[in-house]
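Each chain, written out:
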Amino acid sequence: MKEVAKQAASREVAEQRERHREAMLPAVDIFEEDNALHLVADMPGVQRDTLTLEVNDNVLTLEGEVALAMPEGLTPLYAEVRAQRFARRFTLSHEIEVDAIQAHIDNGVLRLVLPKKETHRRRRIDIKTA
Amino acid sequence: MFGDLRRFDTDWAPGTDWFRRLFDEMWPEPGVADIRSVPRGSFPMINVGRTDDAVRVYVFAPGLTPEALDISLQDNVLTVSGERRETPAEDEASSQRSHFRRERPQGAFSRSLALPEGLDPDRAEARFHDGICEVVLPKREELKPRRIDIQAS
């Protein structure tokens, strides 16, 4: 019984490792604008329902499954995209208002807006004449 | 439910793309490269597959609209070209944008790819969804595999 459980556990680990290995890193642009961080990621083939976004312990995880229907009996001739999913993780800094993160995915491009907390916004300092 | 992209993975060591790219950069191709060839994995990435009656080309072009992508076929060479623009700021004048990462290719691009012979460009079809353009190029009738009946003697 124990043996079986152990086997199942090791298979799970192997599957996890397998999944991790087969993920592609999406290309991203990250920039700061209007008191928010913006993240734009290329994830072709990922739809709203195959995309998972998570913030856990200040780590932002983007994961998306490529939804592409291909006919049966397709023989590959040339391939540059060889994995079924995209995955990438970023650590967030404490100034991000995690509850206010917004996400849109359109045409295979994911756009995230990560607003900064009120206390961390850029402030203009007035210079008074003496 | 979905087609399986892993069946495209026919290489001797999958997941070593970065390694090969590094090598390609350190030691440029010793052979003769096509004068118009671009490095593997340039934007947009392309997969090509074959079925009994057609060749299917998948162009991974996120953020492009069908109007911004141009696909043409001439003498079995498929050319994919277009332009991808950066999204402008909503309020151009007042906003300052400071970039931390810029990995996504921007601007005009063009890629050419040699396809097998015997395709019928007149019956080609292209569909675009979620940043992937699927081009179906049917084979000419005489090139399709034919079943040969075996007669009992």
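Residues numbered from 1 in each chain as written. Chains lettered and ligands numbered in written order. Predicted model: local features only at pLDDT ≥ 70, side-chain atom pairs only at ≥ 80, totals over all residues.

Here we look at the overall build of chain B
Next up, step 1: On a plain count of helices and strands, chain B comes out with one helix and eight strands.
Next up, step 2: Along its sequence from the N terminus, chain B presents helices and strands in the succession α-β-β-β-β-β-β-β-β.
Next up, step 3: Considering only intrachain contacts with a sequence separation of at least 6, the fraction spanning at least 24 residues in chain B is 55%. (Helix = DSSP H or I, 4+ residues; strand = E, 2+ residues; numbered from the N terminus. Contact = placed C-beta atoms within 7 Å.)

Description of the sheet that holds strand β9 (residues 109-115) of chain A
Next up, step 1: As summarised here, the arrangement of the five strands in space is β8(A)-β9(A)-β3(A)-β2(A)-β5(B), forming an open sheet in which the pairing is antiparallel. Of all the strands in the sheet, the pair left with one neighbour each is β8 (102-106) of chain A together with β5 (98-102) of chain B. Adjacent strand axes in the sheet meet at a mean angle of 15 degrees when their direction is disregarded.
Next up, step 2: In the sheet, strand β2 (residues 28-33) of chain A pairs with β5 of chain B via four bridges, with the strands oriented antiparallel. Looking at β5 of chain B, one finds that Ile30 of chain A is bridged to Arg101 of chain B. (Pairing = 2+ DSSP bridges. Axes fitted to C-alpha atoms, helices over the stretch in contact; angles between N-to-C directions.)

Examining the environment of Phe86 of chain A
Residues and elements named next belong to chain A.
Next up, step 1: Here Phe86 is to be found in strand β7 (residues 85-91).
Next up, step 2: By the C-beta count within 10 Å, which is 24 here, Phe86 ends up buried.
Next up, step 3: Sequence separation between Phe86 and Leu25 is 61 residues; the distance between their C-alpha atoms is 5.8 Å.
Next up, step 4: Ignoring sequence-local partners within four residues, the contact set of Phe86 consists of Ala23, Met24, Pro26, Met43, Val46, Glu63 and Gly64. (Buried ≥ 20, exposed ≤ 12 C-beta atoms within 10 Å, placed from the backbone.)

A look at the pairing of strand β4 (residues 51-56) of chain A
Looking down a regular strand, the side chains alternate between one sheet face and the other.
Residue and element names in this part refer to chain A.
Next up, step 1: Looking at chain direction, β4 and strand β5 (residues 59-65) are connected through six bridges and run antiparallel. Among the inter-strand pairings, Leu51 is bridged to a residue of β5, identified as Gly64.
Next up, step 2: Taken together, β4 and the strand that follows it, β5, pair antiparallel across an intervening segment of two residues, in which Asp57 is found at a positive phi of about 60 degrees.

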